Amino acid sequence: TAENGLNAWLRYAPLQNVNSHHLTLPSTIIALNTSKASSVYTAGLELQKGLQGIFSQVVKISNYTHKTSSALIVGTVDDYSKIYGDGDDAPDLDEDGFWLNTKGDTIKILGQNERGALYGAFEYLSMLAQGDFSGISSVNNPNQPIRWVNQWDNMDGSIERGYGGPSLFFKNGGIVDDLTRVSEYGRLLASIRVNGIIINNVNANATLLSPQNIQGLGRIADVFRPYGIQVGISLNFASPTAVGGLTTFDPLDSGVISFWTNITDQIYKRIPDFAGYLVKANSEGQPGPLTYNRTLAEGANMFAKILDPYSGVVMFRAFVYNQLNESDWKADRANAAVQFFEPLDGKFADNVVVQIKYGPIDFQVREPVSPLFANLRNTSTAVELQVAQEYLGQQCHLVYLAPLWKTILDFDLRVDRKASKVSDIISRERFNRPLGGSAAVVNAGTNTTWLGSHMAMSNLYAYGRLAWDPSDEPEDILQDWIRLTFGLDPKVRDTITKMSMQSWPAYEQYSGNLGLQTLTDITGNHFGPKPQSQDDNGWGQWTRADHTTIGMDRTVANGTGFSGTYPPEIANMYENIATTPDNLLLWFHHVNYTHVLHSGKTVIQYFYDAHYSGAEIEQTFVKMWESLKGKIDDERYEHVLYRQTFQAGHSITWRDAINNFYWNLSGIPDEAKRVGHH
Ligand code: GCW
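No experiment lies behind these values; they were computed from the predicted model shown. (Residues numbered from 1 in each chain as written. Predicted model: local features only at pLDDT ≥ 70, side-chain atom pairs only at ≥ 80, totals over all residues.)

S.K.: Can you break down the overall build of the chain residue by residue, with the values?
M.R.: Along its length, the chain carries 20 helices and 18 strands. Over its C-alpha trace the chain gives a radius of gyration of 26 Å, about what one expects of a compact globule, namely 26 Å for 678 residues. Seen through its principal axes, the chain has C-alpha atoms that stretch 80 × 65 × 50 Å. Within the chain, residue pairs in contact and separated by at least 24 positions form 70% of the contacts whose partners lie at least 6 positions apart. (Helix = DSSP H or I, 4+ residues; strand = E, 2+ residues; numbered from the N terminus. Rg over C-alpha atoms; globule rule 2.2 N^0.38 Å. Contact = placed C-beta atoms within 7 Å.)

S.K.: Describe in detail the packing of helix 16 (residues 490-511) against helix 19 (residues 603-626), supporting the description with residues and values.
M.R.: Helix-helix packing is described using two parameters, namely the angle between the two axes and the distance between the axes. Running from N to C, helix 16 and helix 19 cross one another at 155°; their axes reach a closest spacing of 8 Å. As the angle between them shows, helix 16 and helix 19 are arranged roughly antiparallel. Read as a crossing pair, helix 16 and helix 19 show a hand that is left-handed. Along its contact with helix 16, which presents T495, K498, M499, Q502, A506, Q509 and Y510, the element helix 19 presents A610, H611, S613, G614, A615, I617, E618, F621 and M624. Its residues assigned to classes, the contact of helix 16 with helix 19 comprises eight nonpolar, six polar and two charged. (Axes fitted to C-alpha atoms, helices over the stretch in contact; angles between N-to-C directions. Parallel < 35°, antiparallel > 145°, perpendicular 65-115°, else oblique. Left-handed = near helix turned anticlockwise from the far one by under 90°. Nonpolar A, V, L, I, M, F, W, Y, C, P; charged D, E, K, R; others polar.)

S.K.: I'd love a proper account of the pairing of strand 11 (residues 230-235), names of residues and values included.
M.R.: Burial runs high along strand 11: five of the six residues are buried. The pairing of strand 10 (residues 196-198) with strand 11 spans three bridges and is parallel. What sits directly across from I197, in strand 11, is V231. By the bridge criterion, four bridges tie strand 11 to strand 12 (residues 276-279) in an arrangement that is parallel. (Buried ≥ 20, exposed ≤ 12 C-beta atoms within 10 Å, placed from the backbone. Pairing = 2+ DSSP bridges.)

S.K.: Account for the sheet that holds strand 3 (residues 71-76), with residues named and values stated.
M.R.: The mixed open sheet is built from six strands, whose spatial order is 2-1-3-5-4-6. Of all strands in the sheet, those bounded by a partner on one side alone are strand 2 (60-62) and strand 6 (137-140). Sheet twist, expressed as the average angle between the axes of neighbouring strands with direction ignored, equals 15°. In this structure, strand 1 (residues 28-31) lies alongside strand 3, joined through four bridges in parallel fashion. When the sheet's bridge partners are listed, I29 is paired in strand 3 with L72. Packed on one face of the sheet, helix 3 (residues 77-84) meets strand 3 and strand 5 (107-111) and runs near 120° to strand 3.

S.K.: Tell me about the environment of I356, residues and numbers included.
M.R.: Its location among the elements puts I356 in strand 14 (residues 352-357). Overall, I356 belongs to the buried group, with 26 C-beta atoms counted inside 10 Å. Sequence spacing of I356 and A318 is 38 residues, and the spatial spacing of their C-alpha atoms is 5.2 Å. In contact with I356, not counting residues within four places along its chain, are A318, A337, S370, L372, F373, T381, A382, V383 and E384.

S.K.: Give me the lowdown on the environment of V353, citing residues and values where you can.
M.R.: Tracing the backbone through its elements, the reader meets V353 in strand 14. Since 29 C-beta atoms lie within 10 Å of it, V353 is described here as buried. Each C-alpha atom, one on V353 and one on V383, is 9.9 Å from the other, the two residues being 30 residues apart in sequence. Contact partners of V353, with chain neighbours within four places excluded, come to I146, V313, M315, S380, T381, A382, L435 and G436.

S.K.: With reference to specific residues and values, describe the nonpolar core.
M.R.: Within soluble globular proteins, side chains that are nonpolar generally end up buried alongside one another. Within the largest apolar cluster, 206 residues are counted, with the highest numbers of intra-cluster contacts made by V74, I109 and V314. Ignoring anything within four residues of it in the chain, the contact list for V74 reads I29, A31, L32, V40, A43, G44, L47, I109, A117 and A121. (Core = buried A, V, L, I, M, F, W, Y, C linked by C-beta atoms within 7 Å.)

S.K.: An account of helix 20 (residues 634-666) is needed here, citing residue identities and associated values.
M.R.: In a regular helix each residue adds 1.5 Å, so 33 residues correspond to 48 Å; helix 20 covers 47 Å between its end C-alpha atoms and thus fits that length. Just downstream of helix 20 lies G667, where phi reads positive at about 70°. (Expected span 1.5 Å × (residues − 1).)

S.K.: So what's going on with the sheet that holds strand 14? Which residues, and what values?
M.R.: Here eight strands make up a closed barrel; going around it, the order is 7-10-11-12-13-14-15-16 and the pairing parallel. Within this sheet the neighbouring strands show an average axis-to-axis angle of 25°, counted without direction. As paired elements, strand 7 (residues 146-150) and strand 10 share three bridges and run parallel to each other. Of the residues in strand 10, the one forming a bridge with V149 is I197.

S.K.: Help me get a handle on the site of the ligand, residues and values and all.
M.R.: The full set of residues close to the ligand is W152, E160, R161, N201, V202, N203, K280, E284, F319, D362, F363 and E390. For the shell around the ligand, the per-class residue count stands at four nonpolar, two polar and six charged. (Near = placed C-beta within 6 Å.)

S.K.: Just give me the short version of the packing of helix 15 (residues 474-486) against helix 16, but keep the residues and values in it.
M.R.: It is the contact of helix 15 with helix 16, at a shortest axis distance of 10 Å, that shows an interaxial angle of 130°. Viewed along their axes, helix 15 and helix 16 adopt a mutual orientation that is oblique. The hand of the helix 15/helix 16 crossing is right-handed. The residues of helix 16 that touch helix 15, namely those facing E475, L478, Q479, I482, R483 and F486, are V492, R493, I496, T497, S500 and M501. A class-by-class count of the residues in the contact of helix 15 with helix 16 yields six nonpolar, three polar and three charged.

S.K.: Can you lay out helix 2 (residues 39-55) for me, pointing to particular residues and giving the numbers?
M.R.: Counted at 1.5 Å a residue, the expected span for helix 2 with its 17 residues is 24 Å, and the 23 Å between its end C-alpha atoms agrees. A large share of helix 2 lies buried, amounting to twelve of its 17 residues. Residues of helix 2 that are buried: S39, V40, Y41, T42, A43, G44, E46, L47, Q48, G50, L51 and I54. Lining the buried residues of helix 2 we find strand 1, strand 2, strand 3, strand 5 and helix 4 (114-129). Backbone geometry just after helix 2 places S56 at a positive phi near 50°.

S.K.: Residue-level account of the domain arrangement of the chain, with values.
M.R.: Assigned domains within the chain: domain 1 (2-140), domain 2 (146-473) and domain 3 (510-552 + 590-666). For domain 1 versus domain 2, the separation of C-alpha centres amounts to 32 Å. Contacts between domain 1 and domain 2 engage 16 residues on the former and 17 residues on the latter. Mapped by element, the contributors of at least two residues to the side of domain 1 that touches domain 2 are helix 1 (2-7), helix 2 and helix 4. Examining the composition of the side of domain 1 that touches domain 2, we find that five residues originate from one element, helix 4, more than from any other. Among the residues making up the side of domain 1 that touches domain 2, the classes are represented as nine nonpolar, four polar and three charged. (Domains from an automatic or database assignment.)

Next up, the structure:
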């Protein structure tokens, strides 16, 4: 039923074929805070629900703190110590961290704060739901303080690049009345330890700032608060003129500053724990400070100063670039972020975080990591990932993204020839910054699958897990998700694991390989193959393909100089064809179709072969999924089967469109005689 979709990995399905007889289930849940808005109370309710679902055990939540045997205590470390004395020594925890102790006959779930206690409860339930009853004493701390999601929801209820139905938040210019689904979304997000959400599109509409909508925002914040999730919004930089009746939005103008101060005061009056603002400025037609010859930093800092007394933060997006002319060999959109932001390093206020898309272009199937992470040492940064599969099949294709994200998080930028993994930069560790973290564009909607596809939920789940602990392995995360979502049958686990782990490489093979990016319709809706749309336009996602050659020359020696924006060791690797990995060859170099790869194949033959093998893998997914019939409820089984069948066909469309395109362009035959006329 739809319940399975809505509850996603939080189904608490009864355990089958698992021997839990030796397990003493808690007889009481002692919640150390039972006020309704408290995350500790939420934790109590969740534990109650979970024990009921998994074991059919009805357990009362009590605030009577007398320890009885087989009690489960959930609360903050501080409350615990106050009530029980410090006889039990709780370990030191970081903000949002928790200690889960299931040894002994009192189970303890203690958070550094209330949010941490809730995370501990979800962790305990995740273990139980997977049939893991081991006695553990485990300390869990987050890698990063900022673990947010972004929604690109519009005031009319549509969602930009949303594939799961209309908005959970907005309708007809206002906030929806019934926030039940928002609460359910909050529950999912809290279970993966997300602690903040931006609820509206970065292409923001100033009407969100009306007094009535601020009240609505307050209702949304009230719903997320028990889940430990802080609410923030995207701002339209020109709001002072759009809705404030001013004639300027110059960030240094005193009228503009009082406009924003007044708005911010109103918001915090209604929402004292408001998270802050996300700003997309001077990008893709959005207004910004450059209009008034003010720097991006001056724009960001105006908000930062107003938010500072409230401890709010400004997430300022680095996705700033201009349209370019392809006849200029040195023009390169990939250079834009460093060009705009590197000169501003050190000029941002302490509560500004520059939010950087993982790659220099735009959520492509394969990109090198954004060099901006290495260029901002005196600025707090966050990585921006995309759960919404904008360029990656829009939830009609299964593409498990954790392995892609890992290539970014684990990448060592070698700043000053020292270990400088991206995950250690955004965690604040490498440059010793006050803030840092992750944001993912999710775009969940009112569809009962949330994202439009059950399988796509592995990406949301994995996002939260990696933001908490980037050293987690994609396959381990995936298998937890599978067990929680589809049950403990090993065949189900192995089959979905195999499909998911093959899915990103397969998508890369049939949609654009060797670092060429996803060859989709760049000027349209970014769905389906359209290799001819990459070039001859101002978007700068070029391939520079002609009859004999292909690829972007991004070298310092002959090209756009992009490779030189990395620290020397990385720059040298990419500057030279010999040391550039095949999977990024055409990102960095312009070569003949007959250029021979490290693998020994020519570029063109690799294209042909990869498109065939990628599409072939997709055909096997249908059969693999069909082998699970009867092991998964019919509704989800049919839904996924439909998507996989589509993907199998669409991958062939991709294969043929791209192979024929390059065959026509190059005239070079396929050695295996599959492509073209024979
Ligand atoms: O990839 C592009 C998308 C736009 C999006 C923009 C951004 C919200 O096609 O739809 O706008 O990125 O990230 O700002």
